[in-house]
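# Chain and residue survey
What follows is the residue order along each chain.
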Amino acid sequence: MTLKNEVQLIVYPDSLGNDLVELHYVLRRYFDKAVGGVHLLPFYPSSADRGFAPLTYDEVDPAFGTWRDINLIGREFDLIIDFMVNHISRKSIYFHDYFEKGSDSEFADMFLSFNKLSPTGEINEADLAKVYTRKPRPPYTIIQRADGSKEKVWCTFDYEQIDLDWDSPKTREVMRRHLIQLSRTPAKMIRMDAFAYSTFKLGTNCFFLEPQVWQLLQWLQDYVSPFNVEILPEVHEHYSYHQKISNKGYWTYDFSLPMLVLNTLYHHTSRTLKEWLAICPRKQITTLDTHDGIGVVDVQDLMTAEEIQRTLDGLDEKGANTRKIFSGPEYQNLDLYQVNCTYYSSLQCNDDSYIAARAIQFFSPGIPQVYYVGLLAGKNDIELVKQTKNGRDINRHNYTLDEIAVEVKRPVVRRLLRLMEFRNTCRAFEGQFTVEDALDDHLKLTWTHGVHRATLQIDLNSYETRIAYFDEEKQAVVELAV
């Protein structure tokens, strides 16, 4: 395995300090022992969605730094970077050339023009209605050229993110070069963002179509594996998708954990969480928070409809009522499949509850990732949402160096860093995972590796968290102060 089994940080290039230089300083100054890997969110020139509408993969946005800065971080931390499989920026050289020249462009075949998809240049409403989108709009955009002619082009996400046609030889020619270039960086893993939306067939939902999706993933892996780089397919959907991905031998995400942990802590019951921990993939990346919201669709059939609604009601009551406040047409807050809220706020900024949640994550099977706002136990940034009108920005506060110096002194952050350092150094996590018998209002999880053993016990009523582990130096079982 190329990745260390240590806690990873999810971070934007400019969210812990102003740029990559300051980020590197912050990592070295405050989190050197707590963080073993860094998932660096898109640092490429981009036209929208905070980096997720890349113009190219050949450059680092000068506002963030240079490839040298990326390489320096990658030398010291396991580096994960992003490749947006589904789309490219509307302002990329590829789409710009197509916009200017139409069918005469050398890149014309990269895009899903309705003129290519249908003899009439139109697609019936019934087929469009079947397409799985996360936005309440049709999956296309209309472009108008200088001569006044109009054309519809497939566009699943934002209008700045134009879908790629992966059946096109030209798309594969262009994108394989980008993949090879990215694989030559110090990155140990490339996250394949929105890959499930990259399979296309009229008359279907155009989402995770089999066997095309497996053919595409194999193609992507073929171009990174010679450089000992792994891929991480990203999909927010029913947990069965992650089990399929895992069964094929790929890394996958545990996006079910955030809601399951909230249900566990809100309602003082470990039953549903333990059922999931017994069957969840082992080769996975665990999260409680990311740059997106807290996923809801991911726990369908793991939690009952009643449990899901009770947990959503709890979110509204304890910290996420902003999804109702900022739900008007002027706000870009239409992610019905997820809730925009920091994880610390979702737990009512209760330090003991928050540490219990992180302990559950760190003891769950997989490699844990902690989002930078969660690292600093950040609260909902209401003012930023009011400024940007973007609901997701509630969990995207940018910290200055002065702010970070203050935040790391908070008791809850010190407790979290101590827990992360323990997770990185305890050898028990190299071994076998066991869900121990316990009362429903308690949780007991154990990892065992030879003589090394670590056991987590949580009282779900008081949120008291206890960790006992074998100390090599003392040759005895000791308790970690959490």
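These lines cover the structure that appears in this document, whether it is placed above or below. Bear in mind that the values here come from a model prediction, so they are computed numbers and not experimental data. (Residues numbered from 1 in each chain as written. Predicted model: local features only at pLDDT ≥ 70, side-chain atom pairs only at ≥ 80, totals over all residues. Heavy atoms only, no water.)

The topology assignment puts Asn18 in the loop between β1 (8-11) and α1 (20-30). For Asn18, a relative accessible area of 55% gives the class exposed. (Helix = DSSP H or I, 4+ residues; strand = E, 2+ residues; numbered from the N terminus. Buried < 20%, exposed > 50% of the residue type's maximum accessible area, 1.4 Å probe, protein only.)

To continue, consider the sheet that holds strand β16 (residues 442-449). Across the sheet, which stays open at both edges, the five strands sit in the order β15-β16-β17-β18-β19 with antiparallel pairing between neighbours. Looking along the sheet, the strands with just one partner apiece sit at the ends: β15 (432-435) and β19 (476-480). If you compare each strand with its neighbour and ignore which way they point, the axes differ by 15° on average. In terms of strand pairing, strand β17 (residues 452-459) meets strand β18 (residues 465-471) through five bridges, oriented antiparallel. (Pairing = 2+ DSSP bridges. Axes fitted to C-alpha atoms, helices over the stretch in contact; angles between N-to-C directions.)

This next bit is on helix α3 (residues 93-101). Within α3 the residues assigned to the buried category are Tyr94, Phe95, Asp97 and Tyr98. Viewed end-on, α3 has its buried residues packed into an arc of 160°, placing them on one side of the element. Residues Ile93 and Glu100 are exposed on α3 and point more than 90 degrees away from its buried face. Looking at the buried positions of α3, the neighbouring elements they touch are β4 (87-89), β5 (140-144), β6 (150-154), β7 (161-163) and α6 (169-183). (Arc of directions from axis to C-beta. Contact = heavy atoms within 4.5 Å.)

As a further point, take the nonpolar core. By size, the foremost hydrophobic cluster in this structure holds 139 residues, and its most contacted members are Leu16, Phe31, Phe83, Phe111, Leu220 and Met420. When residues in this core are grouped by element, the largest group, eight residues, is from helix α14 (residues 351-363). Not counting chain neighbours up to four residues away, the residues in contact with Met420 comprise Val7, Ala34, Val35, Phe362, Val370 and Leu375. (Core = buried A, V, L, I, M, F, W, Y, C linked by side-chain atoms within 4.5 Å.)

Pairing is parallel in the open sheet, where eight strands are placed in the order β9-β8-β3-β2-β1-β14-β11-β10. With one partner strand each, in any of the chains shown, β9 (230-233) and β10 (252-254) form the two edges of the open sheet. Adjacent strand axes in the sheet meet at a mean angle of 30° when their direction is disregarded. In terms of strand pairing, β1 meets strand β14 (residues 367-371) through three bridges, oriented parallel. Of the residues in β14, the one forming a bridge with Ile10 is Tyr371.

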